[in-house]
Amino acid sequence: MTRELKYDVVIVGLGPAGSSLAYMLRKTGLRIAGLDWVDWDHLWGKPCGDAIGAHHFEETGLPHPQPPALMQKVSGIDIYSPSEEIRLRVYGEGYMISRNLYGRSLVKEAMDSGVDIYLKTRVGQVIMENGKLRGVAATTRDGEKLRFYADIIVDATGSGGSIRRKLPPSWPVNEPLKKTDAAVAYRRIVELGYDIEEPEFIRIYLNQRIAPGGYWWFFPKGKRSANIGLGVQGGRGHPHPAQIYRDVLMKRPEVGSEVKVIADSGALVPTRRPANTLVWDNFIGIGDNGYTVNPIHGGGMGYAMTAARHAYETIMEAFEKGDYTRRGLWGLNLRYMKGLGAKQAGLDIFRIFLQQLDDEEIEWGIRTGIMRASEAYETSVKGELKANLGIVEKARILAKLLGRPSMLLKLKMVADYMKQVKTLYKAYPENPEALPKWVDSVEQLYKEYKEKLGVTW
Ligand SMILES: Cc1cc2nc3c(=O)[nH]c(=O)nc-3n(C[C@H](O)[C@H](O)[C@H](O)COP(=O)(O)OP(=O)(O)OC[C@H]3O[C@@H](n4cnc5c(N)ncnc54)[C@H](O)[C@@H]3O)c2cc1C
């Protein structure tokens, strides 16, 4: 027997993206279903560094985490140079959270306000009728077959794209993730046998030998517990980060002094510009699914929440107009791409530059003051590089760059391309018909940039 269910919106995946959206839609009067294959104790179970900036909650209206979901308040980030002789302290408020407890609180609120939640329910197929997406077919762990029909299906299943991948290949949302545009990341949550100094500062270590094309981190979750891990660029033949953790990081006393391993696992993180489109007919894809992640540090929870916020506004608009086609849902693209998407694309250009530097160049950049703490912060918040600023600043940099003139030119070039890509994203097409031409321009820009940088991946 197959049970058939009809909703206005079906959200598949209740991680940061899907559960934020379910929470935002909970009081709208729309009939909403939220599905996930995990159970209550494994909600938001994807491995993560568990760090999130406080500003994401201000921007999206989601509740700030409270204890016990809030495990450690964060006052800033310490960024270490490859030699670890230099430390940049970047101030900014944030939280170390228990993902499961915070995720549960959102899902519970949604459920209490009438959202139907189906856990232990795996979506296996999409339901297409006459070339149109009508719903999804799922199976519960008890073997019950369910068919969900809705005007809008939201894919929030992460980078695996359980729904997106099953859509017709001609649909532009079906955009594959290149391996080199993702990080393979691994982390352990551990109890340590010593008191962590200044647990309110999370630590990032830039070191291409340990974490090629990425970084390793030490994020305290209280005085004696930490989330420790690393991400390496995919598709380049680097060793798996779990192996690096065991072989290299465990030899460091602050990492190796673990007394208990609470969790350990790894996963993929997209580290690129956003997907070319987050919507198509009756379809929305947000979170890792739409590649809405910060390409520099791989932080995806806050970006998923912002994408969910824009999806919520767009869904309300679509129901007002009764239009669930790509045109009716296009507002999500306009909201995301012209705002956070433009910044994300700028950071993606910067990410590609950083990934082809070696430790000596990174050390030198930090030592000469070219990358100062305030600039590191500004670059990551705005997606702009200061190398493009006023004459005085340029002269200062120039003086410091004596001996490395090619680096000055490179930096200037990177800053220019960051600007250009942002301009392209701010001019994101107003309608779906203009998308192919715009995608061509973006791809052309990347091709040109990579050629100039000498990047072949
Ligand atoms: C090691 C590591 C460290 C990271 N550190 C940080 C960090 O410190 N801060 C930060 O902000 N981000 C971090 N990230 C990124 C962050 O974890 C993701 O960006 C974020 O979880 C994305 O949320 P999401 O909801 O899009 O997807 P996910 O969290 O992947 O959630 C997807 C959900 O969909 C469900 N699902 C999938 N397929 C199906 C199906 N067929 N049927 C039903 N359900 C399905 C899954 O069970 C899951 O619950 C890290 C990532 C990794 C791998």
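Residues numbered from 1 in each chain as written. Predicted model: local features only at pLDDT ≥ 70, side-chain atom pairs only at ≥ 80, totals over all residues. Heavy atoms only, no water.

**Q** Hey, could you run me through the sheet that holds strand S2 (residues 9-12) in this one?
**A** Strand pairing in a sheet takes place through backbone hydrogen bonds and is either antiparallel or parallel in direction. The 6 strands are arranged S7-S3-S2-S11-S18-S17 in an open sheet whose pairing can be described as mixed. Looking at which strands have only one partner, the edges of the open sheet turn out to be strand S7 (116-118) and strand S17 (279-280). With 3 bridges joining them, strand S11 (residues 152-155) and strand S18 (residues 283-285) adopt parallel strand pairing. Bridged to Ile-153 within S18 is Phe-283. (Pairing = 2+ DSSP bridges. Helix = DSSP H or I, 4+ residues; strand = E, 2+ residues; numbered from the N terminus.)

**Q** I tried to follow the domain arrangement of the protein on my own but got confused; where do I start?
**A** Frequently, the measure chosen for interface size is the accessible area that the parts lose on association. Taken domain by domain, the protein holds domain 1 (2-50 + 101-177 + 272-324), domain 2 (72-94 + 179-269) and domain 3 (345-453). Across the contact, 11 residues belong to domain 1 and 16 residues belong to domain 3. When the two sides are added together, the surface that domain 1 and domain 3 hide from each other amounts to roughly 1000 Å², 66% of it contributed by carbon and sulfur. Of all residues in domain 1, Arg-273, Asn-276 and Ile-296 bury the most surface against domain 3, accounting for 57% of the area lost on that side. Where domain 1 packs against domain 3, one counts 0 salt bridges. Scanning the region where domain 1 abuts domain 3 turns up 2 residue pairs in polar contact (both at pLDDT 80 or more). The class makeup of the residues in the side of domain 1 that touches domain 3 is 6 nonpolar, 3 polar and 2 charged. (Domains from an automatic or database assignment. Contact = heavy atoms within 4.5 Å. Buried area = accessible area lost by both parts, 1.4 Å probe. Salt bridge = Lys/Arg side-chain N within 4 Å of Asp/Glu carboxyl O. Polar contact = N/O pair within 3.5 Å; in protein donor to acceptor, adjacent residues only side chain to side chain. Nonpolar A, V, L, I, M, F, W, Y, C, P; charged D, E, K, R; others polar.)

**Q** Where do I start with the pairing of S11 in this structure?
**A** By the alternation rule, side chains of S11 split into Ile-152 and Val-154 and Ile-153 and Asp-155, which are all buried. As defined by bridge partners, S2 adjoins S11 across 4 bridges and the pair is classed as parallel. Considered in S11, the bridge of Val-9 is made with Ile-152. (Buried < 20%, exposed > 50% of the residue type's maximum accessible area, 1.4 Å probe, protein only.)

**Q** Please clarify how the site of the ligand should be interpreted in this entry.
**A** Residues in contact with the ligand amount to 33 residues; listed here are only the nearest, Ala-17, Asp-36, Gly-49, Ala-51 and Asp-288. For the ligand, a nitrogen atom lies 2.6 Å from a polar atom in the backbone of Gly-49. Protein contact buries 94% of the 1000 Å² of open area that the ligand shows by itself. Taken together, the elements giving at least two residues each to the shell around the ligand come down to helix H1 (16-24), strand S8 (121-129), strand S12 (182-192), strand S14 (215-220) and strand S16 (258-270). Ranked by residue count, the leading element in the shell around the ligand is S8, at 3 residues. Looking at the shell around the ligand residue by residue, the classes come out as 16 nonpolar, 11 polar and 6 charged. Each of two domains, domain 1 (2-50 + 101-177 + 272-324) and domain 2 (72-94 + 179-269), supplies a minimum of three residues to the shell around the ligand. (Near = heavy atom within 4 Å. Areas by Shrake-Rupley, 256 points an atom, 1.4 Å probe, with all protein chains shown as cover.)

**Q** Teacher, can you tell me more about unusual backbone geometry here?
**A** Peptide bonds are mostly trans, and most non-glycine residues show a negative phi. Look at the link from Pro-67 to Pro-68: it is a cis peptide, with omega at 5°. Secondary-structure assignment places Pro-68 in the loop between helix H2 (55-60) and strand S5 (70-80). Backbone geometry places Trp-44, a non-glycine residue, at a positive phi of 60°. Structurally, Trp-44 is set in the loop between strand S3 (32-35) and strand S4 (51-53). The buried category is assigned to Trp-44, whose relative accessible area is 4%. If you check the backbone angles, Glu-198 has positive phi at about 45° while not being a glycine. Among the structural elements, Glu-198 can be located in the loop between S12 and strand S13 (201-205). In this structure Glu-198 comes out as partly exposed when scored by relative accessible area, which is 34%.

**Q** Explain the pairing of S14 here, please?
**A** Along any regular strand the residues' side chains alternate between the sheet's two faces. In terms of burial, S14 is largely enclosed, as 6 of its 6 residues are buried. Taking every second residue as pointing to the same face, both faces of S14 are buried, with Tyr-215, Trp-217 and Phe-219 on one and Trp-216, Phe-218 and Pro-220 on the other. Where S13 meets S14, 3 bridges bridge the pair, whose relative direction is antiparallel. Bridge pairing links Tyr-205 to Trp-216 in S14. Two strands pair when backbone bridges link them, and S14 and strand S15 (residues 225-233) are joined in this way by 6 bridges, in the antiparallel orientation. Paired with Trp-216 across the bridge in S15 is Leu-230. Taking the residues that link successive antiparallel strands as the turn, the S14-S15 hairpin has 4 residues, and the phi of Gly-222 there is positive, at about 110°.

**Q** What should I look at first to understand the side chain of Arg-188 in this one?
**A** Of note, Arg-188 is situated in strand S12. Note on Arg-188: relative accessible area 10%, which makes it buried. Looking at Arg-188, its side chain comes within polar contact range of the side chain of Tyr-186, at 3.0 Å. At a separation of 3.1 Å, a polar atom in the side chain of Arg-188 contacts the side chain of Glu-258.

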